[in-house]
Each structure stands twice: as C-alpha cells, then as structure tokens.
Amino acid sequence: MDVPVGITVHPLGNRFYLVTENSTYIIGVSDLVLNLYWGPRLPLDRVLNGNGDDGIAWPDMHGRSSQDPWLTSAPEEYPVFGGLRYGDACLKMILPSGTRELDLQYKSYSVKKKANNLTLTLVDRTYPSIEVHLVYSVDVVNDIIARNMHVFNGTASAVQIELGMSAAWHLPMVLGKRRLIRLAGAWGAESQIQTDALQPGTHLVLSSTRGIPSAQTYPYMAIVDDENGHTYFGTLKWSGNWSMAMAVDIQGNTRWTGGISSHDFMVTVEPNAAWATPKFLAGFTTKGLSGARHRLPNHVLTHQLALRACRHATRQAQLSQLHREMAESAPKHLPVLYNSWEAAGFDINVDQQFDLATKARALGVELFVVDDGWFRGRNSDRAGLGDWFHDTTKFPDGLAPLANYARSLGMCFGLWFEPEMVNKDSDLYRAHPDWVYHYDDRRRSEARHQLVLNLVNKDVKDYLFERLTANIASIGIDYIKWDMNRPISEAGAGLAPENAKQVWELHVQGVYELMGRIKDAFPSLSIESCSSGGGRADVGILDFADQCWVSDNTRPDARLAIQHGISLVLPPRAMVCWVTDMGQSDNPVPLAFRCHVAFMGTLGIGSNLNAYTADQMKELAGWVRLYKKLRPVLQLGFLDWLHYDDRAGLAFTMTTDKNDQQNGKKHAIVLGFRSKNPFSFVLPRLRLKQLEEQVTYNLVAWTTYPTSPISLNPASGAVLMHYGIDASRFLPCSWSSFVLSITTA
Ligand code: DGJ
C-alpha cells in the first residue's frame, strides 16, 4: 500500500509525509526539523510495508568552510535567529534574560487526521516553556500546504518577538535555472506579471509597509522550471504589512520565507499567552504556471464556499423553513451589479439614482450599488468620511426608499463605506480628533484629505459597528463595498511602548473583527474589498469578503493585463470586472470587447447609462443575458490563459467547468481578444486545453453582437487541442473579440 494522501507519520515517528494528489512534502526530525523533499508525488510503499526506508537521505551536515556554516544553508522548516545562521530567519525573540537568540529543538508532534493537520512542537533548549508550534494543513485536491506558526510563552515573564514569519520553504537544488514570477504595480496598474531569472546569488525581497497588501507589490511568487514544468507557487493570507524573500545561494540552495513584515514590528507575548502568524499558502505542480493557476484560485474558491456554507449552517437554527430553503438553494455565483461611480463620481442624488436603477434593471442587473457620495457633506473627497448618516440634500428621505425601489424591481441593494477613515472636515473628527493614528508631537499626514482611524481603540470599533449595522438594518443593505483609500501613517495608537509596534497587525485584526461582527449580525450580507482599486485584494480578506475590486482602471486593455496577473491568485468569482466607458474618448473600443473582458470574472456595469442610446442598451442587455447563461462556468470554473502577449495585442483565456461531467456534459468558455492588427497577419490556430481527445464538442461563438451566435461544426477534443480553432476568423481587426462556448455534444 502506498502512503495515502493527507498526513502520514513514519513508524519511527521521525519523518512526516504530507501527501497531496500530485505532490509529496517530507519533513525529517532529529534535534532539528528539516525539509527533506518537496516535489512530485513519490511512491512510498516501502515506508509502510517494507523496511521503513523511503529512499530520501538526511542532508549532509558539513559546511563548505568556517565562513559558510552548514546551518546557514540547512533546509530548516523554521530557521530562527540564533547560532551560525546567516540566511533569512523566521523568528527573532528577546527572552526575559535579555538573550536575543533562540536555540530550538524538536520535541513532539500531533496529527489531526481528518483535518489533514500536523503540528510540530519545538522548544527552547534553555527555556523549554517557550514553545514554537509549526502548523501544517494539507489541501489534498489542490496540492497546497497552508502553514503558520504559534508561539506559546510558558515562562513567568514577557518575551518580545521582533520577527515572526509564517513559514520557510525550501526548493530542491536544480542544475538549470528557474524563473521567478511576481506581481508588481501601482494604483490603476495593479498586479502586472514580472519575470526574473533566478540566478545564483539572488536575494529578492518583496514587501508592503503601508498597512495594506498594496497595489505596488502583491504577496505572490511562483518559481517555474521550464525544463520540466515543476512550479512552486504561493501567497500570504494576510491583509496588512507583509514581506516575502527568495534567496538562492551560489550553490543553488533556495529558501523562500514570508509573513508579516518586520518593518516597525514587535509583539510582546505575556506569560501564558500565545501569538500566531497568518498563514502562508504554497503549492507544487508539474504543470507550470497554468497548473499553478488551476490550484491556488481553486483552493481560495473552495475555502470561500466552505466558509459560506458554514455561515449558512450556523444560522440555520435561526431561520424559518422558507428562509432555510432559500439559503440552501442560494446560487454560489455572484450577482451582476451596477455602480455609477465611474459615471457620476460624487455628483449623485435620489432622482438620478432612481432613474439609473430603472435602467440597470432593464439591463438585467441584479445588485444596484450606490458608491461614494451618499453621506453627510460628501460633495468631494475633502469632507464627510466618518459621518455615516445619509446626506439630506441628496437623499431627503434617506436611502431606504431607493433600496426598496431596487428591491421592488427585483434587485439587491448595495452601499459604499470607507469605515477605517475620517476627513478632518467631519463631525466625527471634530468630536474625536484623538481617534486617528497620531503622535502628539507630529503633524498628521493627510492623503486624499483623510486620516486613518485607530482600529486598536475599542470605542472606534464600537462606533463603526453601530453606524454600519444601523445603516444596514434601516436601509436594508445586502452588500457593502468596503473601501480603504490611503496607507497608514503616524501609526501611534496609544499602546504601551512594549506593544506599540504591533499596531500594524492590530489594525488588520481590527478590520477582520469588524467585518466578522457585521457578518455575524447579517450573515447574508456580501462584502466587496476595495482599497483605491486593488490595494486589498488578498486571500486573507476573502474570509470575510466575497469579492475584490482589483483596479480602478477599467480600460479593457489595462484590465487584460491586470486580470492576467491577479487571476494567478483570485478565483474568477472573486474578481470584479466592470464594463465602463473609461478611455473611450481617447481610444474607442467596441462595447462587445469591453463586455468580453468583463466576462472573465464577476460582471459589473459602471457605464453612464444616461448617455447610452437605445441600441447600446439593447446590446448591453444582450451581453448581460449571455453572461448569466455562461456564469456558472465563468465564475466557478478554472480560468486559464491560453496566451497573453501585450505587445502583439493578443489575449486568450479558457475557463473550464470544474464538474467535468455536470449534467453529463463538459462546458468550457474561451474568450479571445485582439487589440491591434497592424500587419493583418493571419493568426496561428488557437489550440485549446483540458478537453477529452475522443469526445465530440459543440461550438457556438459570439463576436460583435450578443444575439447573433455563430454555430461551428462539432469537433473532437483531439482536433480542438492539437489542430486548434481558426481564431483569425473571429478576430479580423483591431479591437475584435469573441466568446466561444464549448459543450460536450
Ligand atoms: C476608490 C475605489 O477604488 C473606487 O472604486 C471608488 O469607490 C472610490 N474610491 C470612491 O471614493
């Protein structure tokens, strides 16, 4: 019998096998805890049935020279600061004695079989009541391991943590070179894929110190070996300051660490108290970046849907029979929304919003959202934040009549908040100037004319909870767009000096706590996470939010680049994509193209509907109708990129139904885009993926108009994958695009 998937302990108790469908991760313990292997799944039957020999050697423990101590390059699962270790460390602690080094030794393990969960306990050699727990949980289906670390301080005095990473991963040495994929950006230009050659001697550190994951660098890395497709990939499940380091020494030893950034960080752990890091999710595939795209977003989606089911189950008891049935049958896909921010900015009022709601419904919109500008004094970004009461000039009777109207039309109602912020020009700030992060002897830096509320302060959190829930209850809000439009500065939160630097972490915990409390009070409320676009589109926030706004840039050409990057992490359902008119005056793009780009995730419309002609409205309604038909695949399927070449202006995606045989049929959607065609070259045929060679598929395409489908001749999976489809036919000119639906015949 082979070692099964999940967690297996060697009969001697000194090796641990974390086995997924396609990967094996082996940890060996002596005094030290070392990674012995991470890669393709190994047949390990001899471990359980034979002589216990798994064929994996314990690393040679000799350093190259006295200047290259072995411990520095040892594949320690959790290298601490201490002794002859000069590589990236995971944990640095100041002990009660003043000693700033740790000396950990392995003590014990525990396994929770059903949960695929392993905990290794290490203790300090001199102070054994300081315990470090390394926690692993295995997502068997998606080949992902989630790791984090808990410190327990069993001594009689406080200890201080100056560095507390979530995990260290070690990649096997290879003869060739690997590529490192990462996501860099800026506001309006988020998550653009960058590629670096991982040369020996590379030490690359990515981080955010802004209090949010940030648009500038996204907490993601993938390391690809092009010779065999072996790819390691991962992200941090955290919505605040973070750092990730990739270090390759001259011999090719490769260590990848990550966690909360140690920039301005310190945590004091009191006696008999514990502290835990966020999770670091990492996986392995032999299928290159495409395999990584399959796994991480699917892990995120599966986890989100499980949490959602759990929340529904928790409130079952409180529900009437009717509501229980509704909750159970509630579709897992998200509604098509309308939001007038792009079209109207702050210039909103009740009549205009009623009018837009009518028009949105005519398009088939299911969720009507009022963005910024609805609350007291909010005519520009200079005033109002913090005063979460409706503006009586713009909405004399409040927002409930609009919400009721949206509902009477069959739509849900959503509202924008920026809970963590306050303008100086607000009643809240006038009443509580001390509620923002500040130092008494420093000026308060404003960005977008706003300051950040101190979410460590319970009064602040209680005020926000009261204001948000009062609005949710009185207006009837189904969805909140939770924005955050500036980084944190002057992070003085009034904490005692020994805890002061923990403010960055506590802010994020404060956001999670508030979102959690609000969700508990209104379990069916949806949240969209936004931070000036995609500044907070991380996996951590998705434990509370259903979806993320990934960029304020909704130009379709920009969106292709941004969606190409962020879809390495976010499942399509969590990636909100709007059709708007952005960039139209400078570069007119057909409505069909703009809709097809937005088909890639959860569809939204942000266009100025008042400026749309009857023909445009008809066309847009047709695209919304088509999207809804294809939505189960587009939102819940695997999104792969068949090709992306920005310079050539070409992009092709293929989203594949996860339940390969849903209703006995497979369903996949290909989206194709050509934004330039300077030479009128004929395109090579587009070869599809993930089909069955022997199966025949029906093909229907839409190009410039939603009600003019083009039926193609049925074709076998083999023909579609090896010979390909004639993409040129659908992409004859600049800004042409298509949607191709593929179903089992
Ligand atoms: C930034 C967001 O990214 C936008 O979508 C919009 O909600 C504005 N804030 C509103 O101020």
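Reading the values: the criteria
Residues numbered from 1 in each chain as written. Predicted model: local features only at pLDDT ≥ 70, side-chain atom pairs only at ≥ 80, totals over all residues. Heavy atoms only, no water. Pairing = 2+ DSSP bridges. Helix = DSSP H or I, 4+ residues; strand = E, 2+ residues; numbered from the N terminus. Axes fitted to C-alpha atoms, helices over the stretch in contact; angles between N-to-C directions. Near = heavy atom within 4 Å. Polar contact = N/O pair within 3.5 Å; in protein donor to acceptor, adjacent residues only side chain to side chain. Areas by Shrake-Rupley, 256 points an atom, 1.4 Å probe, with all protein chains shown as cover. Core = buried A, V, L, I, M, F, W, Y, C linked by side-chain atoms within 4.5 Å. Buried < 20%, exposed > 50% of the residue type's maximum accessible area, 1.4 Å probe, protein only. Contact = heavy atoms within 4.5 Å. Arc of directions from axis to C-beta. Salt bridge = Lys/Arg side-chain N within 4 Å of Asp/Glu carboxyl O. Parallel < 35°, antiparallel > 145°, perpendicular 65-115°, else oblique. Left-handed = near helix turned anticlockwise from the far one by under 90°. Nonpolar A, V, L, I, M, F, W, Y, C, P; charged D, E, K, R; others polar. Disulfide = S-S within 2.5 Å.

Caption draft 1: Spotlight on the sheet that holds strand E34 (residues 696-702). Strand order across the open sheet formed by six strands is E31-E32-E33-E36-E34-E35, with antiparallel pairing between neighbours. At either end of the open sheet lies a strand with only one pairing partner, and these are strand E31 (638-645) and strand E35 (710-716). Between one strand axis and the next, the sheet turns by 20° as a mean value, whatever way the strands run. Where strand E33 (residues 667-674) meets strand E36 (residues 736-744), eight bridges bridge the pair, whose relative direction is antiparallel. Residue Arg 674 lies in a different strand from E36, and its bridge partner there is Ser 736.

Caption draft 2: Broad picture of the site of the ligand. Every one of the 13 residues lining the ligand counts as a neighbour, but Asp 371, Asp 372, Lys 481, Asp 483 and Asp 552 are closest to it. Within the side chain of Asp 372, an N or O atom sits 2.6 Å from an oxygen atom of the ligand. One of the side-chain nitrogen or oxygen atoms of Asn 485 is found 3.4 Å away from a nitrogen atom of the ligand. Relative to its unbound accessible area of 290 Å², the ligand is 98% covered by the protein chains.

Caption draft 3: Representation of the nonpolar core within the structure. Counting 185 residues, the largest nonpolar core has Leu 18, Leu 91, Tyr 220, Trp 256, Phe 368, Trp 374 and Phe 413 as its most contacted members. Here this core takes 10 residues from helix H13 (residues 614-636), the largest share from any one element. Contact partners of Leu 91, with chain neighbours within four places excluded, come to Tyr 78, Pro 79, Val 80, Phe 81, Leu 102, Val 132, Met 149, Val 151, Ile 161, Leu 163 and Gly 164. Residues Leu 686, Leu 688, Leu 699 and Ala 727 belong to the second largest nonpolar core, which totals 24 residues.

Caption draft 4: Here's a closer look at helix H7 (residues 400-408). Restricting attention to buried positions, one finds in H7 the residues Leu 402, Ala 403 and Ala 406. The buried residues of H7 occupy an angular sector of 100° when projected down its axis, which confines them to one face. Buried positions along H7 lie against helix H6 (350-363), strand E22 (367-370), strand E23 (412-417) and helix H9 (458-476). Trailing H7 by a residue or two, Gly 410 shows a phi angle of about 100°, which is positive.

Caption draft 5: Expanded view of the sheet that holds strand E2 (residues 15-19). Spatially, four strands are ordered E1-E2-E3-E4 in an open sheet, and the strand pairing comes out antiparallel. Strand pairing shows two members of the sheet lacking a second neighbour, strand E1 (6-9) and strand E4 (33-40), which therefore form its edges. On average, adjacent strands in this sheet sit at an angle of 15° to one another, irrespective of strand direction. Pairing geometry for E2 and strand E3 (residues 23-29), over five bridges, is antiparallel. Each bridged residue has a counterpart across the sheet, and for Arg 15 the counterpart in E3 is Gly 28.

Caption draft 6: Representation of the pattern of salt bridges. In this structure the tally under the stated criterion is 33 salt bridges. Between Glu 466 and Arg 467 there is a salt bridge; the shortest N-O distance is 3.1 Å. Overlapping salt bridges bring together Lys 458, Lys 461, Asp 462, Glu 513 and Arg 517 as one network.

Caption draft 7: Geometry of the packing of helix H12 (residues 591-598) against H13. Two elements in contact, H12 and H13, have axes whose closest approach is 11 Å; the angle formed by their N-to-C orientations is 25°. Taken together, the axes of H12 and H13 are roughly parallel relative to one another. The hand of the H12/H13 crossing is right-handed. Between H12 and H13, the contacting residues are Leu 591, Ala 592, Cys 595 and His 596 on the first element and Gln 616, Glu 619, Leu 620 and Trp 623 on the second. Counted by class, the contact of H12 with H13 contains five nonpolar, two polar and one charged residues.

Caption draft 8: Here's a closer look at the state of the cysteines. Within the structure shown, the criterion is met by zero disulfides. Cysteine Cys 412 remains unbridged, with the sulfur of Cys 548 as its closest cysteine sulfur at 19 Å. No disulfide involves Cys 733; its sulfur sits 16 Å from that of Cys 595, the nearest cysteine.

Caption draft 9: Quick look at the packing of H9 against helix H10 (residues 503-521). Here H9 crosses H10 at 35°, and the two axes come no closer than 10 Å. Taken as a pair, H9 and H10 cross one another with a handedness that is right-handed. Of the residues in H10, those in contact with Lys 461, Asp 462, Leu 464, Phe 465, Leu 468, Thr 469 and Ile 472 of H9 are Gly 510, Glu 513, Leu 514, Arg 517, Ile 518 and Ala 521. Of the residues assigned to the contact of H9 with H10, the class counts are seven nonpolar, two polar and four charged.

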